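An overview of the molecular structure
Here are the chains, one letter per residue:
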Amino acid sequence: MAPNQHVRLAVDIGGTFTDVVLETEAGRMTRKVLTTPSRPEEGVLGGMRLILSDARMHMSDIDVFVHGTTLATNAIIERRGAKTALIATEGFRDIIEIGTESRYDQYDLSIEKPRPLVQRALRFTLPERVDVHGKVRLPLDEAALAALVPKLKAAGVESVAIAFLHSYANAEHERRTGALLKAAMPELGITLSSEVCPEVREYERTSTAIANAYVQPLMAGYLARMAEGLAQEQFRGAIYLVTSGGGLTSIETAQRFPVRLVESGPAGGAIFAALTAAQLGESKVLSFDMGGTTAKICLIEKFEPQSSRIFEVDRAARFLKGSGLPVRIPVIEMVEIGAGGGSIARIDALKRVTVGPESASSEPGPACYGRGGTHPAVTDADVVLGMIDPVAFAGGTIPLDPDLSRKALLADIGQPLGLDAETAAYAVHEMVCENMASAARVHAVERGAVVGDHTLIAFGGAAPLHAARVAEKIGVKRVIVPPNAGVGSAVGFLAAPVSYELVRSRHVRLDAFDGALVSELLAEMEQEAHALVEPGARGEPVIARRIAFMRYVGQGHEITVTLPSGMLGEQDIPALRSAFEADYAALFARPIPGAAIEILSWSVLVTTQPPKPEVAPRVASSAAPEPSGSRAFHDGKAGASIMIPLYRRETMIPGASIAGPAIIAEDETSTFVSMSFDAHIDAIGCIVMDRKVLDRQILDREAA
C-alpha cells in the first residue's frame, strides 16, 4: 500500500469464524467472531467494532479495508445462488452436461456427475454462428431473442449467462444480446462469457460464465450492503477484495466478476505461508490451513504458491479431477477438503468412523458450543482429548461445555462401537488427520513432489492442533506455526498485491508468427489490466508479466512460457521455441525435434510489487519459562490419560525450547507438540517443531 496508509484492516469470512486483523504502526491486533451465515456483513461489522474498540479507534481511522470470503464458493456448493438461465448458440444447449465426454471414474457404473447450476428447462439457444477466426457465418437472430424475453420473465429468471460458440474470437453477438436483454429486463443480471473467460474450450468457458451469473446477484447484494454498512459507520478508506489468484481488486470489479472470488480466503492463507517461508528461508513448503469448515493444502516452491488457470467447485468425488464444476480463472492451486473444526463425525453403514464433509458451521456449531448442536464435531473430539482449554477458547469469548462433547461423542460414536468418550474422540481425531494426510499425499503426487521433503506451515484456527499428527503420517520432519496463525488468511490479505490478470485466446503458429498482431493484442490487454490496477495502486509502481500458453500442434494441453517485454517479432521466435522445448523436456524428458508449435492463449498480469522480507536470523537455544499449568491429555496410542505441560505462547521468548508432548496456547488457537517433536521459538516468533532424533533416524531408514 502507499506509504501514507498506516491503518489497515483485513477480514476473512469462513464457514464457522470470521477473522479480523488490524494493523497499525503500533503493531497488529486480532479477533475471531462467529460467522453470521444469513447476513455475513453483520458478523464482519461486529468484529470490526470489537477490534477497533480494543484499539480505541474509530471506523473513520481505517485507511484500507481488505476483504476475502468463501461466500461465492459456499453458494455454489449449497445451491443458494440466483435463478439462472443460459443462452447458447443453437445446437449447444447441453454443453454443460456433455462436458468433455470424459468420466472421472472410468469403471464406476453408478457414477454421480456434478449437478449443473442451470436446469435444462432454463437453457435456451439462439440462431447465430461465428467461426474460429471471428468471422460471422450466421447473423444473430434478434427476433428469436425478442421472443425469448417473455419466457425468461415467466420463469422468474434473475441472472443470465450468455455463452456463444467462438465468442472469444468475436464477442459482438454476445454484447448485442446482453444490451437487448438489459433494455428489456433492466433488473436482470447479465454475464458474457467473452468478458469473464475469453478463451477457447466452450465447456469450461460456459461453465465459468454460468458460475459467475449464478453468484453475481448474491455477491453484488452482499457487497452493496457491506459498502452501505461501512459508510454508515463513517468509513472513508479504500475497499479491496482478494481474488482466487492472490491479488487485490476493487469492489466494482468484484461485483462484475464474483467468480474470481471463489477461493479468496484460501488464497490469503497461501500468501501468508509463502511470506513465512521467505522469512525463514524455507524453499520447499506445504501449507496446511485448517479452519472451522475446510482444510486446504498448497505446495509452495521457492516462496511462490503454485498457480493454475482452472479450478473445480463442488466435486462429487473428493480427490478425483473432473468430478466438479470447472471454473476457468487465475487461481492459487491447492486441494480443499471438508475437514475442519466443525466437521461432523459419524458411523457409516460399515461401522467405520468418518468425518465430514458436512460441517456444523457456526449455526448451531459443535455440540460443545451449547447452541443446539447435537452431533459430535472435530472440535468436540479435541476438547474431550484435552487439547483445547474450554475456558480460554477463542480468547475466552466462546466458552465450551466438555460434557456436551462427551454426550454427543458417546451417542453417535461411542455407544454404537462400544467405546468410551475418550476413545471415540481419539478415533475422530485420527480419522480427520488421516483425511488431511491423504489430501497432502495426493496433492504432492499429482505435482511430482515428494511430500516428506517439505516443511509444513500450519495455520488456521484448527491446524496447529492437528499439524504434528499429520506430519507424522506423511513423514514431514519440520512443522512451523507462525505468529497469528489462527487468523493467517486475514494476515495474508494484508500482504497481497493489487493485481489483475487477463487471459485471451488468439491462435498463432510459431512458424507463421505475426509479431505486430500479437504485440497489438498484448498492448490492449495490458492497457485494460492497468486501468483496473492503477486506481488501487495509488501511485505505487506496477509491473506487467506476459505469458504465452504454448503447445505442439495437436497436443492436448499448453505449457506456460514467459514473454519478453516490448514489441515481439521474428527475432523472438528462436527464444520462444527454446523456452518451450526446455519446459516440455522438463515435463516429458525430451522435446520433439522440428515439430510445429502453436500458441493458443495469452496472459497479461499487472501487479504492484510486494516487498521481499528479510530472512530471519538464527537464535540461540534457551530454556523455556515455567509452564503456566498442565492438562490431562488422552493418549490414544497408550490408551490412557497423561498430564502434559501447558505454556502460553506470549511468555515464550525467541530461543525458548521444550520437548513434546506439550500444548502451547494463545488466544486465536493452540499448538499441540506431540511426543515425536521438540519445539522452539525462532527469531520472528514462529513455533518450530522438529522431529526428535530417534524419529528422524526411523524416517530416514524408511525413505532409504
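As a starting point, this report considers the structure included with it. Model, not experiment: these values are computed from the prediction.

Secondary-structure assignment places Ala277 in helix α9 (residues 264–280). The class of Ala277 is buried, set by a relative accessible area of 0%. The spacing of Ala277 and Glu142 is 135 residues in sequence and 56 Å in space, taken between C-alpha atoms.

Time to look at the packing of helix α11 (residues 402–417) against helix α12 (residues 421–446). With their axes 9 Å apart at the nearest point, α11 and α12 run at an angle of 75 degrees to one another. Taken together, the axes of α11 and α12 are roughly perpendicular relative to one another. Contacts between α11 and α12 involve Arg406, Leu409, Leu410, Ile413 and Gly414 on the former and, on the latter, Ala421, Glu422, Ala424, Ala425 and Val428. Across the contact of α11 with α12, the residue classes tally to seven nonpolar, one polar and two charged.

What follows covers the nonpolar core. One broad rule of soluble globular proteins: the nonpolar side chains tend to lie buried together. Within the largest apolar cluster, 210 residues are counted, with the highest numbers of intra-cluster contacts made by Met48, Phe65, Phe288, Met436 and Trp602. Look past the residues within four positions of Phe65 in its chain and what remains in contact with it is Leu9, Val11, Val44, Met48, Met226, Leu230, Phe235, Ala238, Ile239 and Tyr240.

Here we take up the side chain of Arg201. Considering the arrangement of structural elements, one finds Arg201 in the loop between α6 (193–196) and α7 (202–232). Within the structure, Arg201 has its side chain in polar contact with the backbone oxygen of Gly556 (distance 2.9 Å). Among the polar contacts listed, one links the side chain of Arg201 to the side chain of Glu558, at a separation of 2.7 Å. The residues touching Arg201, leaving out its near neighbours within four places in the chain, are Arg328, Arg551, Gly556, His557, Glu558 and Leu600.

As a further point, take the side chain of Arg205. By the element assignment, Arg205 lies in helix α7. Buried and without a salt bridge, Arg205 has Glu174 as its closest oppositely charged side chain, separated by 4.1 Å. Sequence-distant contacts of Arg205, that is, excluding residues within four places in its chain, are made with Phe164, Leu165, His166, Ser167, Tyr168, Glu174, Ser193, Cys197 and Glu199.

Evaluated as defined, the whole model comprises 41 salt bridges. Across the salt bridge formed by Arg28 and Glu23, the nearest N and O atoms sit 3.2 Å from each other. In this structure Arg28 comes out as partly exposed when scored by relative accessible area, which is 38%. You can call Glu23 buried: its relative accessible area is 18%. The salt bridge partner of Arg201 is Glu558, with a shortest N-O separation of 2.7 Å. With Arg201 in the loop between α6 and α7 and Glu558 in the loop between β26 (542–552) and β27 (559–562), this residue pair connects regions lying 357 residues apart in the sequence.

Conventions and cut-offs
- Residues numbered from 1 in each chain as written.
- Predicted model: local features only at pLDDT ≥ 70, side-chain atom pairs only at ≥ 80, totals over all residues.
- Heavy atoms only, no water.
- Helix = DSSP H or I, 4+ residues; strand = E, 2+ residues; numbered from the N terminus.
- Buried < 20%, exposed > 50% of the residue type's maximum accessible area, 1.4 Å probe, protein only.
- Axes fitted to C-alpha atoms, helices over the stretch in contact; angles between N-to-C directions.
- Parallel < 35°, antiparallel > 145°, perpendicular 65-115°, else oblique.
- Contact = heavy atoms within 4.5 Å.
- Nonpolar A, V, L, I, M, F, W, Y, C, P; charged D, E, K, R; others polar.
- Core = buried A, V, L, I, M, F, W, Y, C linked by side-chain atoms within 4.5 Å.
- Polar contact = N/O pair within 3.5 Å; in protein donor to acceptor, adjacent residues only side chain to side chain.
- Lys, Arg positive; Asp, Glu negative; His and termini not counted.
- Salt bridge = Lys/Arg side-chain N within 4 Å of Asp/Glu carboxyl O.

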